[in-house]
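Here are the chains, one letter per residue:
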Amino acid sequence: MITKEHINDLLNRKGNILSTDGDKIGSIGQVYADDESGQPSWVTAKTGLFGSSESFVPLEGARIEGDDVVVPYHKDLVKDAPRVDADGHLEPSEEERLYQHYQLSGGGRTYTDATTGHDADFAGTAGTHTGRYDDRGTVGRDTSGPTTDDAMTRSEERLNVGTETQDAARVRLRKYVTTENVTQTVPVQREEVRVEREPITEANRGQAMSGPDLSEEEHEVVLHEERPVVDKETVPVERVRLDKDTVTDEVTVDEEVRKERIETDGTDGTRR
């Protein structure tokens, strides 16, 4: 059971309202309390773009799970609830429409938003206007009440664009071995036999007549030649490293911002 002691805690946590099957219905907006008992009876679920729409959900049978409130209703049922302005007070007719939608018994009681920041005395008659609990902790029902002054604050969202550094890619050096053919021409030398004949002269006659008149002989000459010899060695050829350069690009950011506008309703019936 959710009691008035839970109200501040719920709003400060900025949790969500979940359906029975775990679907997110919306974020917690405002908590409405019974004017007489002060017990929280309704909560609004903020849905739509920027939470622009609020749907009333009964807190009967609801429970707290962490920062969230789990209600015993499906998401579609809540979103189809009657449109009621979350203006700080539930009128009896509005309350009755909501009871009928959720098929709950009740009615005849008036609910007012609870005031944040202090423990108010909620006892009183039906229809008493008090402040409200909302997700910002601000008061906003009766602009002429004791919690407001004679001025209205206009606020707007401003777009603050910055940068953050994140990992974009990872680059590494990897070395592997490949095989390729190298063709190179190398000059080689070889010996070839050549027969030389010389006539008998007085100079060589003695050598020519030194042997037998007739005989069989053999003379042998060894021929030489060069052949290519291949040898391989590993030598360093270059050093490779990774370095980084910083380049600047321009990125266009397109985002919607909200702003409040103030209109004046004059006594002459015109709006300015």
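Figured I'd write up the structure that's included with this text. (Residues numbered from 1 in each chain as written. Predicted model: local features only at pLDDT ≥ 70, side-chain atom pairs only at ≥ 80, totals over all residues. Heavy atoms only, no water.)

### Notes on the side chain of Asn-204
Move 1: Its place among the elements puts Asn-204 in the loop between strand 9 (133-134) and helix 4 (205-208).
Move 2: A polar contact of 3.0 Å, which involves the side chain of Asn-204, links it to the backbone oxygen of Pro-199.
Move 3: Within the structure, the side chain of Asn-204 is placed 2.6 Å from the backbone nitrogen of Thr-201, a separation counted as a polar contact.
Move 4: Once you skip the residues sitting within four places of it in the chain, Asn-204 turns out to touch Glu-198 and Pro-199. (Helix = DSSP H or I, 4+ residues; strand = E, 2+ residues; numbered from the N terminus. Polar contact = N/O pair within 3.5 Å; in protein donor to acceptor, adjacent residues only side chain to side chain. Contact = heavy atoms within 4.5 Å.)

### Section: the pattern of salt bridges
Move 1: Evaluation of the coordinates by the stated rule reveals eight salt bridges.
Move 2: Measuring nitrogen to oxygen at the nearest pair gives 3.9 Å for the salt bridge that ties Glu-156 to Lys-259. You can see Glu-156 sitting in the loop between strand 9 and helix 4 and its partner Lys-259 sitting in the segment after helix 4, a full 103 residues away along the chain.
Move 3: Residue Lys-259 is classed as partly exposed on the basis of its relative accessible area of 46%.
Move 4: Between Arg-258 and Glu-157 there is a salt bridge whose closest N-O contact spans 3.0 Å. With Arg-258 in the segment after helix 4 and Glu-157 in the loop between strand 9 and helix 4, this residue pair connects regions lying 101 residues apart in the sequence.
Move 5: Of the residues examined, Arg-258 reaches a relative accessible area of 41% and is grouped as partly exposed.
Move 6: Exposure remark for Glu-157: the relative accessible area of 31% places this residue in the partly exposed category.
Move 7: Overlapping salt bridges, with partners in common, bring together Arg-154, Glu-156, Arg-158 and Lys-259 in one network. (Salt bridge = Lys/Arg side-chain N within 4 Å of Asp/Glu carboxyl O. Buried < 20%, exposed > 50% of the residue type's maximum accessible area, 1.4 Å probe, protein only.)

### Digging into the pairing of strand 3 (residues 40-47)
Regular strands have side chains that alternate between both faces of the sheet.
Move 1: With respect to burial, strand 3 is a largely interior element, eight of its eight residues being buried.
Move 2: Here strand 2 (residues 24-34) pairs with strand 3 via five bridges, running antiparallel. Of the residues in strand 3, the one forming a bridge with Ala-33 is Pro-40.
Move 3: Where strand 2 folds back on strand 3, the antiparallel hairpin that results is connected by five residues, among which Gly-38 adopts a positive phi of roughly 80 degrees. (Pairing = 2+ DSSP bridges.)

### Regarding helix 3 (residues 92-101)
Move 1: Looking only at helix 3, the buried set comprises Glu-94, Glu-95, Leu-98 and Tyr-99. All buried residues of helix 3 lie within an arc of 140 degrees about the axis, which places them on one face of the element. Turned more than 90 degrees away from the buried face of helix 3, the exposed residues are Ser-93 and Gln-100.
Move 2: Residue Gln-103 follows helix 3 closely and has a positive phi angle near 55 degrees. (Arc of directions from axis to C-beta.)

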